[in-house]
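# Residue-level structure breakdown
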Amino acid sequence: MIRPIRTAVFPVGGLGTRFLPATKAMPKEMLPVVDKPLIQYAVEEARAAGIEEFVFVTGRGKQSIEDHFDRSYELEDVLRERGKNDLLDAINSWMPKSGQVSYTRQMEPLGLGHAVRCAKALVGDEPFAVLLADDLILSQKGCLAEMVEAYNRVGGNLIAAMDVPQEHTRRYGIVKPGKDDGPLVEVKGLVEKPKPSEAPSRTAVIGRYILQPQIFDHLDRVERGAGGEIQLTDAMARMIGEVPFHGLRFSGTRYDCGDKVGFLQANIAFALEHPDLKSEVQDFLRDIARTL
Ligand code: G1P
C-alpha cells in the first residue's frame with residue numbers, strides 16, 4: 001500500500017558561509033529572491049503538494065524563520081488601517097495554519113543526514129518529504145506536487161533528479177541508474193559527491209526527497225561520509241533493494257541558490273515571471289546586454 005505524504009521536513013540549520021557577510025546575522029534561508037525569502041518558496045511548494053505538517057530543523061540564529069511563519073499583528077493593523085489589502089494577503093495567504101508548524105534544533109553541525117534524523121519524533125512512522133530551500137525550482141506545477149503524483153504510482157523512495165555536467169558531479173549525490181524511461185529513473189546505487197572520474201552517471205540528486213520512515217533506522221547506523229558528515233545519501237543508499245527507489249527528472253528549472261551566481265540567476269528568472277516587474281527588467285537586461 002502506498003501511504004500518503006502529509007509531512008515535510010525543512011533542514012534550515014546550515015551556517016550559510018558561502019553568503020557571508022550577508023548571512024552573518026541572518027539565516028541564508030531568509031535571503032529574498034525578488035520579494036520572498038527562499039524558505040517561503042519551499043513551504044509554498046510543499047503546500048501546493050498537499051503537505052499539512054511542516055517540520056523545520058533549525059539552529060542558532062534562525063529565529064527570524066519562526067517569526068516569518070507567524071502572524072504579525074502590528075504589521076497587519078497598520079496595513080488594514082491603510083487599506084493595503086493586497087499586502088495583507090501577501091503576508092498571510094501562504095502561511096500554514098496554527099499547529100501545523102513545528103521546530104526542532106540540530107544541535108551539532110553534522111550534516112544533512114543528521115538534520116533529517118533530528119526530525120524523527122516529529123515525523124513519526126510515516127513517509128515524508130524533505131525540501132532543501134537552497135534548491136529553488138521554477139515550474140508550473142511545483143516540483144514536489146509532480147513528485148507526489150509520481151510517488152502515488154511507484155511508492156517507496158523518490159528523489160528529484162537532474163542531469164548535470166560531468167565536471168559538476170562532486171557537488172551532488174549521484175545516481176547509479178537502472179531502468180530509465182526518461183522522466184523516471186530507477187536508482188540502483190547512490191554516491192555522495194564523487195569525483196567526475198568515479199561518478200556512476202551524470203544524474204544528480206536535487207534537494208527534494210520523498211522517503212519512507214525506515215530511513216531513520218539507517219541514519220542511526222550510517223557512518224560519517226563525505227566531508228566527515230552524516231550523509232542522507234549514504235542512508236538512502238542502504239535502502240536500495242529494500243523499497244522501490246526512483247529518481248524523477250522533474251519539469252521546470254532549478255536554481256542553486258546556495259551559490260552566488262545561481263542566486264543571481266534565480267532573481268532574474270523570477271523577476272521575469274513577475275507581472276509587475278517583467279517589462280522593466282527586460283529593458284534593463286537588453287541595455288546591459290548591449291554593453292557586454
Ligand atoms: C545536498 C546533498 C546532495 C544533493 C544536494 C542537492 O548537498 O547532500 O546529495 O545532491 O544537496 O542540492 P549540499 O548541497 O547540501 O552540499
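Residues numbered from 1 in each chain as written. Predicted model: local features only at pLDDT ≥ 70, side-chain atom pairs only at ≥ 80, totals over all residues. Heavy atoms only, no water.

## Let's talk about the packing of helix H3 (residues 73-81) against helix H4 (residues 85-92)
In a packed pair of helices, the relevant descriptors are the angle between the two axes and the axis-to-axis distance. One can describe the packing of H3 onto H4 by two numbers: an axis separation of 8 Å at closest approach and a directional angle of 155°. Judged by the inter-axis angle, H3 sits roughly antiparallel to H4. Once H3 is placed against H4, the crossing between them reads as left-handed. Seen from H3, the contacting residues are Leu-75, Glu-76, Leu-79 and Arg-80; seen from H4, they are Leu-87, Leu-88, Ile-91 and Asn-92. Counted by class, the contact of H3 with H4 contains five nonpolar, one polar and two charged residues. (Axes fitted to C-alpha atoms, helices over the stretch in contact; angles between N-to-C directions. Helix = DSSP H or I, 4+ residues; strand = E, 2+ residues; numbered from the N terminus. Parallel < 35°, antiparallel > 145°, perpendicular 65-115°, else oblique. Left-handed = near helix turned anticlockwise from the far one by under 90°. Contact = heavy atoms within 4.5 Å. Nonpolar A, V, L, I, M, F, W, Y, C, P; charged D, E, K, R; others polar.)

## Brief notes about the side chain of Gln-106
Mapped onto the elements, Gln-106 comes out in the loop between strand S5 (101-105) and helix H5 (112-117). The class of Gln-106 is buried, set by a relative accessible area of 13%. Within polar-contact distance, the side chain of Gln-106 engages the side chain of His-114 at 3.0 Å. When near neighbours in sequence (up to four residues on either side) are disregarded, Gln-106 contacts Gly-13, Val-57, Thr-58, Gly-111, His-114, Ala-115 and Cys-118. (Buried < 20%, exposed > 50% of the residue type's maximum accessible area, 1.4 Å probe, protein only. Polar contact = N/O pair within 3.5 Å; in protein donor to acceptor, adjacent residues only side chain to side chain.)

## Section: the layout of surface pockets
If a probe as big as a water molecule is rolled over the atoms, it shows which places are left empty. Reported here for the largest pocket is a volume of approximately 1,300 Å³. As for the largest pocket, its lining consists of 40 residues, of which Gly-14, Lys-28, Leu-112, Asp-134 and Glu-229 are closest to the centre. Those elements that place two or more of their residues in the lining of the largest pocket are H5, strand S11 (203-211), helix H9 (232-237) and strand S13 (253-256). Considering each element in turn, the lining of the largest pocket owes the most residues, four residues, to S11. For the lining of the largest pocket, the per-class residue count stands at 14 nonpolar, 12 polar and 14 charged. Approximately 820 Å³ is the volume attributed to the second largest pocket. In terms of lining, the second largest pocket is formed by 34 residues, of which the most central are Asp-35, Lys-36, Gln-40, Tyr-41 and Glu-44. (1 Å grid on protein atoms, 1.4 Å probe; cavity = no way out; pocket = protein on both sides within 12 Å on 5 of 7 lines; lining within 4 Å. Points joined across faces, edges and corners; volume = space filled by probe spheres on them.)

## What about the packing of aromatic side chains?
Under the criterion given, the structure shown has nine aromatic pairs. The interplanar angle of 90° and the centroid separation of 5.6 Å between the aromatic rings of Phe-69 and Trp-94 together place this pair among those described as edge-to-face. Taken together, the residues Phe-69 in the loop between helix H2 (63-68) and H3 and Trp-94 in the loop between H4 and S5 connect sequence positions 25 residues apart. According to the relative accessible area criterion, Trp-94 is buried, its value standing at 8%. Measuring from centroid to centroid gives 6.3 Å for Tyr-255 and Phe-270, while their planes differ by 70°, and the two rings are edge-to-face. Of the two residues, Tyr-255 is situated in strand S13 and Phe-270 in helix H10 (residues 260-273); the sequence distance between them amounts to 15 residues. For the residue pair Tyr-255 and Phe-270, the accessibility class agrees, reading buried in each case. (Phe/Tyr/Trp six-rings, centres within 6.5 Å; stacked < 30°, edge-to-face > 60°.)

## Side note on the pattern of salt bridges
A complete count under the given rule lists 19 salt bridges for this structure. With its nearest N and O atoms 3.0 Å apart, the salt bridge here joins Glu-44 to Lys-36. A relative accessible area of 24% means that Glu-44 is categorised as partly exposed. Classification of Lys-36 as partly exposed rests on a relative accessible area of 22%. The salt bridge involving Asp-163 is made with Arg-249; its shortest N-O contact spans 3.1 Å. Separated by 86 residues along the polypeptide, Asp-163 in strand S8 (residues 157-163) and Arg-249 in strand S12 (residues 245-249) bring together distant segments of the chain. Where salt bridges share partners, they join Arg-71, Glu-76, Asp-77 and Arg-80 into one cluster. (Salt bridge = Lys/Arg side-chain N within 4 Å of Asp/Glu carboxyl O.)

## A few points about the site of the ligand
As a structural note, the neighbourhood of the ligand is formed by 13 residues, with Asp-135, Gly-173, Glu-192, Lys-193 and Val-205 the closest of them. The backbone of Gly-173 places a nitrogen or oxygen atom 2.9 Å from an oxygen atom of the ligand. Interatomic distance of 2.6 Å between a backbone N/O atom of Val-205 and an oxygen atom of the ligand. Burial of the ligand by the protein amounts to 78% of the accessible area it has alone, namely 380 Å². The cavity that encloses the ligand is the largest pocket. Top element by residues in the shell around the ligand is S11. It accounts for three residues. (Near = heavy atom within 4 Å. Areas by Shrake-Rupley, 256 points an atom, 1.4 Å probe, with all protein chains shown as cover. Sits in = over half its atoms within 2 Å of the grid points.)

## Some points on the environment of Arg-224
Structurally, the position occupied by Arg-224 is in the loop between helix H8 (215-221) and H9. Its relative accessible area of 56% is what places Arg-224 among the exposed residues. Considered as a pair, Arg-224 and Gly-111 are 113 residues apart in the sequence and their alpha carbons are 9.1 Å apart. Discounting residues that sit within four places of it in the chain, Arg-224 has contacts with Leu-110, Glu-229 and Ile-230.

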